[in-house]
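Inside the fold
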Amino acid sequence: MLAEIKNVSKTFESEGNKILALDNINFSVEDNDFICIVGPSGCGKSTLLRIIVGLEKPTSGEVFFKGEEIAPDNPKVSMVFQNFALFPWLTVKENIELVLESTKKEKDAGEIACKYIKAVGLDGFEKVYPRELSGGMKQRVGFARALAVEPVLLCMDEPFSSLDALTSQNLKDELLILWADANMPPDAVIMVTHNVEEAVYLANRIIVLSPRPGKIVADLKIELERPRNRKDPEFYRWVDKVYSLIV
Amino acid sequence: MKKGHFILGIILFLISITLAFYFFDYIDFPELQLLPYYAASSILRMGFAYFFALCFALSYGYIAATDQNARKFMLPFLDILQSVPILGFFPAAVLFFINLINGRLGVEIAAVFLIFTSMAWNMAFGVYESLTSIPKELAEAANSFGIHGWHRLESLTLPACVPKLVYNSIISWSVGWFFLVASEIISAGSESYKLPGLGSFLIDTTYAGKTALMLVGLSTLIIIILLLELFIWKPMQSWANKYTYDYSGDKKPGEFIFDLRIIKQLFRSIFETFSRITVILYILFHGHRLIKNILKITGYLVLISVFAYIAYIFISSFTKMLLNIPDDAYSIPLAIVYSFLRLSAAYVFCVIWTIPAAYFIAKSSKASLYIIPIMEVAASIPAIALFPAMVVIFIRYGSLEVAAIILLLLGMQWYLLFNLIAGVRSIPKDAQNVATSFGIKGTLYWRKVILPAMFPSFVTGSTTAWGGGWNTLIVAEYIVFKGSEYHLFGIGYLLDKATFGSPNPGMVLLSVIGMSITIIILNRLIWQPLYRKAFSKYKFD
């Protein structure tokens, strides 16, 4: 077992009212899992992800990573952000080196950065500033940065939602290759998305949350052959099934 | 602790001090009788100036934002106006308006004009910025739904200005208090042109050695500023928050100690009437070619005649001067260097303490809760109002140099501090999350994340701080106390001496020109390149 989410609940306070956002979430993440968390908007999926990586504290409950309580700066867990979150004053390479310098891999920071820039297909863009890149390329930098710290668990908050269909399809396939490659990080992936088709295409497990307060409605194992074919009727049966659980 | 409570606490404290003074016979009641009258005249001056500044800002900002051709010269012009030390022009303005209208009314108009010039530019920039930064999608949505003309102005254009206009109004008022007090203090030197007000009350009581009365005057000023804050700016801010394009759903803290729906309602209706009038005028002017042309022509005529008059005064005094160059004129460059060094010293102190303080305050919610209200209250007291008190202390126990640098520091630091706090707060949450989740800490965090992220706000803050500093200089280098003159050699001293010591219009003109050129050169060589760099490289999208 890689990570365990135990009895996690979260309440927000707004103008004196307490709003329950997440209600007693329990699941565990195994090696080689590719989990997609889906649910209607406002169900707390992003909050759940931020609690899993330790950026937010749950109101009650705990998150364990390899048996220990999760710390936000755990280098074995890294994060890809929806809006890329790159530093505009650093070049592509410097953005990646920054997170390496912080994890004390200072010596080979340059080398590792180049390796992952290549892995996401951005060679030649090392010295370019994020502002000059397209959305798809920015997110490639986001991936390279998250992978460069060689995480065991990669968490992603709607990483494809601000990209166009073609770009995101390419990136998804590359991500699947990296995930399947035993020599490359990550071992497991948790991704938040509102796109059910995307979830069925990528995941081997889909966790469906209910509308607020978010509760786990279903935890499905997707038993489809890879590479998956979107035109396969079997594929659509899965998509319909997940949709029916959300609505 | 809410800011409102804190403010109420201070007000009560100041009132009780006043009562204590009265009780222990430090002050006589008759001396206080005129205080309400003084306070009212001060507020009235501010009110008039603000009204004109608001009208100016809306029209100037609107034209600059919509007319491509006009923008080319309107923006640089505004930029120069903003960077010129307004206070240096006060004596010139007094002379100008007294020529037009004799007597006290002329001086009053000059004072209102001075306060207006301190309020208007940043508000105009605010309007311009908010009009040009209306999210493209929103403008396009308005286009595609066919929202045009007056409906557009009412539903898109004016609401877009509200947040920045309110924000800049607050700044303008605090700068305005500074200039109000300054103009009253400066004019107090001459009996015939004296402006009754809190500023002249402060300086009169200081000169007369009535420290207790001076403190009461200071308290009155602070109480007025705080009451305005409590009953106007706070509700206005929470009302303006509604108009920000912020979809992130960040909860805004309930800022107020008691619910002031009526005041908010009042603002809404004032704003709506105001916008309705603007809208009607807009339709009128844009609908009828004749009216438009007539307005245009009269506008040009007024502009040309004003410029012609100014040019005439300039040329005539210039020729007079060329015939008779004042002896002091050669000391102007050196004086500017001295003043520049004084400002630099104060600026270095500002930078050293504000950067860490801003970070700490912005990051800690407790600090925000307790320190920001105190800072804001401290910042709302115009530094210049403290100068009489400081002079009393420093002439007795220290050097005037120290007093001047402290005054400059007070006049500069808040701009930097509040800009930096806003800068730290505007760092996107996800950028912060990157730092947290990848464990970027310590010097690496400061070097690669925080300092670059603060850079744009640092540049804006520094620019305004220096602007404030040059203005403060005019008061800081020269003071007459109990009949004897104290001064520090510098451009402010030369300017004041040429105005009030031994009047010399040529010298005033030369000093103002020298100072303006210095400031413009500094802006062009240092701040503008930095600003460009800050916004092309260091700004989050």
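Residues numbered from 1 in each chain as written. Chains lettered and ligands numbered in written order. Predicted model: local features only at pLDDT ≥ 70, side-chain atom pairs only at ≥ 80, totals over all residues. Heavy atoms only, no water.

**Description of the overall build of chain A**
Scanning chain A from N- to C-terminus turns up seven helices and 10 strands. The globule rule puts the C-alpha radius of gyration for 247 residues at 18 Å, and the 18 Å found for chain A is close to it. Projecting the C-alpha coordinates of chain A onto the three principal axes gives extents of approximately 45 × 45 × 35 Å. Out of the 247 residues in chain A, the part that is buried amounts to 55%. Long-range contacts, defined as pairs at least 24 residues apart, comprise 70% of the intrachain contacts of chain A with a sequence gap of at least 6. Taken as a whole, chain A presents about 10,900 Å² of accessible surface, with 48% of it coming from carbon and sulfur. Considering chain A, the positive charge centre built from 30 side chains and the negative charge centre built from 37 side chains are found 1 Å apart. (Helix = DSSP H or I, 4+ residues; strand = E, 2+ residues; numbered from the N terminus. Rg over C-alpha atoms; globule rule 2.2 N^0.38 Å. Buried < 20%, exposed > 50% of the residue type's maximum accessible area, 1.4 Å probe, protein only. Contact = heavy atoms within 4.5 Å. Areas by Shrake-Rupley, 256 points an atom, 1.4 Å probe, with all protein chains shown as cover. Lys, Arg positive; Asp, Glu negative; His and termini not counted. Charge placed at Lys NZ, Arg CZ, Asp CG, Glu CD.)

**Some details on the side chain of E477(B)**
Residues and elements named next belong to chain B. By secondary structure assignment, the location of E477 is in the loop between helix 18 (442-476) and strand 1 (478-481). By relative accessible area, which is 0% here, E477 ends up buried. A distance of 2.5 Å separates polar atoms of two side chains, one belonging to E477 and the other to R342. Once residues lying within four places of it in the same chain are set aside, the contact partners of E477 are S339, R342, Y486, H487, L488, F489, G490, I491, G492 and Y493. (Polar contact = N/O pair within 3.5 Å; in protein donor to acceptor, adjacent residues only side chain to side chain.)

**A word on unusual backbone geometry**
Residue and element names in this part refer to chain A. A cis amide bond, omega -5 degrees, links P185 with the succeeding residue P186. Turning to its location among the elements, P186 is positioned in the loop between helix 5 (165-180) and strand 8 (188-192). Each neighbour pair has its own omega, and for R226 with P227 the value is -5 degrees, a cis peptide bond. Its location among the elements puts P227 in the loop between strand 10 (216-221) and helix 7 (233-246). Here the phi dihedral of F84 falls at roughly 70 degrees; this positive angle occurs in a residue that is not glycine. For F84, the location among the structural elements is in the loop between strand 6 (77-80) and helix 2 (92-102).

**Focus: the sheet that holds strand 5 (residues 68-69) of chain A**
Residue and element names in this part refer to chain A. Strands sit in the order 2-1-4-5 across an open sheet of four strands; the sheet is antiparallel. Strand pairing shows two members of the sheet lacking a second neighbour, strand 2 (17-29) and strand 5, which therefore form its edges. Two elements, strand 1 (residues 3-14) and strand 2, share nine bridges in a ladder whose sense is antiparallel. If you follow F12 over to strand 2, its bridge partner there is I19. Helix 1 (residues 45-53) rests against strand 1, strand 2 and strand 4 (60-65) of the sheet, and its axis sits at about 60 degrees to strand 2. (Pairing = 2+ DSSP bridges. Axes fitted to C-alpha atoms, helices over the stretch in contact; angles between N-to-C directions.)

**Describing the interface of chain B and chain A**
The interface is formed by 22 residues belonging to chain B together with 27 residues belonging to chain A. For the pairing of chain B and chain A, the buried interface totals around 2,300 Å² over both sides, and the portion due to carbon and sulfur atoms is 62%. A salt bridge links K448(B) to E101(A); the shortest N-O distance between them is 3.6 Å. In this structure, the connection of chain B to chain A is made through seven residue pairs in polar contact (both at pLDDT 80 or more). Of all the secondary structure elements, the ones that give two or more residues to the side of chain B that touches chain A are helix 17 (429-437), helix 18 and helix 20 (505-537) of chain B. When residues in the side of chain B that touches chain A are grouped by element, the largest group, six residues, is from helix 17 of chain B. The residue makeup of the side of chain B that touches chain A, split by class, is 10 nonpolar, five polar and seven charged. (Buried area = accessible area lost by both parts, 1.4 Å probe. Salt bridge = Lys/Arg side-chain N within 4 Å of Asp/Glu carboxyl O. Nonpolar A, V, L, I, M, F, W, Y, C, P; charged D, E, K, R; others polar.)

**Considerations on a nonpolar patch on the surface**
A surface patch of nonpolar side chains, about 540 Å² in accessible area, is lined by F77(B), Y300(B), L303(B), I304(B) and F307(B). Ranked by residues supplied to the nonpolar patch, first place goes to helix 12 (residues 289-323) of chain B with four residues. (Patch = residues over 30% accessible without salt bridge, like charges linked within 9 Å, V, L, I, M, F, W, Y side chains within 5 Å.)

**Concerning the state of the cysteines**
All names here are of chain A. Tallied over the entire structure, the rule returns zero disulfides over all chains. There is no disulfide at C155, and the cysteine sulfur nearest it, in C36, is 12 Å away. For C155, a relative accessible area of 0% corresponds to the buried category. (Disulfide = S-S within 2.5 Å.)

**Points about the confidence of the model for chain B**
Residues and elements named next belong to chain B. Overall, the predicted model of chain B reaches an average pLDDT of 79, with 84% of residues at or above 70. Mean pLDDT values over the elements of chain B span from 68, in helix 11 (residues 261-287), up to 93, in helix 13 (residues 332-363). A low-confidence stretch, residues 246-257 (pLDDT under 50), is modelled with 15 contacts involving residues beyond four sequence positions or located in other chains. Complex prediction metrics read pTM 0.78 and ipTM 0.87. (pLDDT = per-residue confidence, 0-100.)

**Considerations on helix 5 of chain A**
Residues and elements named next belong to chain A. Over its 16 residues, helix 5 extends 22 Å from the first C-alpha to the last, a length consistent with the 22 Å expected when each residue adds 1.5 Å. Considered for burial, the residues of helix 5 that qualify are T167, S168, L171, K172, L175, L176, L178 and W179. Projection of helix 5 onto a plane perpendicular to its axis shows the buried side chains occupying an angular sector of 165 degrees, all on one side. Residues of helix 5 that are exposed and point more than 90 degrees away from the buried face comprise L166, I177 and A180. Of the surrounding secondary structure, the elements contacted by the buried residues of helix 5 are strand 3 (34-38), helix 4 (135-148), strand 7 (153-157), strand 8 and helix 6 (196-202). Backbone nitrogen of L166 and a side-chain oxygen of the N-cap are separated by 3.3 Å at the start of helix 5; the cap is D164. (Expected span 1.5 Å × (residues − 1). Arc of directions from axis to C-beta.)

**Quick word on the sheet that holds strand 6 of chain A**
Sheet strands pair via backbone hydrogen bonds, and the direction of the pair is either parallel or antiparallel. Residues and elements named next belong to chain A. Spatially, the six strands line up as an open sheet ordered 6-7-8-3-9-10, and their pairing is mixed. If you trace the sheet from one side to the other, it starts and ends with strand 6 and strand 10, each paired once. If you compare each strand with its neighbour and ignore which way they point, the axes differ by 15 degrees on average. Inspection of the sheet shows strand 3 paired to strand 9 (residues 205-209) by four bridges, in the parallel sense. Residue pairing across strands places I35 opposite R205, the latter belonging to strand 9. On the sheet, helix 4 packs against strand 6 and strand 7 and is oriented at approximately 175 degrees with respect to strand 6. Contacts from helix 7 reach strand 3, strand 9 and strand 10 within the one sheet, and its direction differs from that of strand 10 by about 170 degrees.

**A look at the packing of helix 13 of chain B against helix 20 of chain B**
Residue and element names in this part refer to chain B. Contact geometry of helix 13 with helix 20 gives a least axis separation of 11 Å together with a crossing angle of 50 degrees. Looking at the two axes, helix 13 sits oblique to helix 20. The interaxial crossing formed by helix 13 with helix 20 has right-handed handedness. On helix 20, the residues that touch I332, I336, F340 and Y347 of helix 13 are M507, L510, S511, G514, M515, T518, L522 and W527. Looking at the contact of helix 13 with helix 20 residue by residue, the class counts come to nine nonpolar, three polar and no charged. (Parallel < 35°, antiparallel > 145°, perpendicular 65-115°, else oblique. Left-handed = near helix turned anticlockwise from the far one by under 90°.)

**Focus on the environment of I336(B)**
Residues and elements named next belong to chain B. In this structure, I336 sits in helix 13. Owing to a relative accessible area of 10%, I336 belongs among the buried residues under this scheme. Put simply, I336 and S16 are 320 residues apart on the chain and 44 Å apart in space, counted from C-alpha to C-alpha. Not counting residues up to four positions away in its chain, the partners in contact with I336 are I491, G514, M515 and T518.

**Concerning the side chain of T205(B)**
All names here are of chain B. Mapped onto the fold, T205 is located in helix 9 (residues 198-207). In this structure the side chain of T205 is engaged in a polar contact, spanning 2.9 Å, whose partner is the backbone oxygen of L202. Residues in contact with T205, not counting those within four places in the same chain, are K210, L213 and M214.

**Some remarks on the pairing of strand 9 of chain A**
Residue and element names in this part refer to chain A. Taken across its five residues, strand 9 has five buried, putting it largely inside the fold. The alternating pattern of strand 9 places R205, I207 and L209 and I206 and V208 on opposite faces, both of which are buried. In terms of strand pairing, strand 9 meets strand 10 through five bridges, oriented antiparallel. Residue pairing in the sheet places I206 in a bridge with L220 of strand 10. Here strand 9 hands over to strand 10 after six residues, the two strands then running antiparallel side by side.

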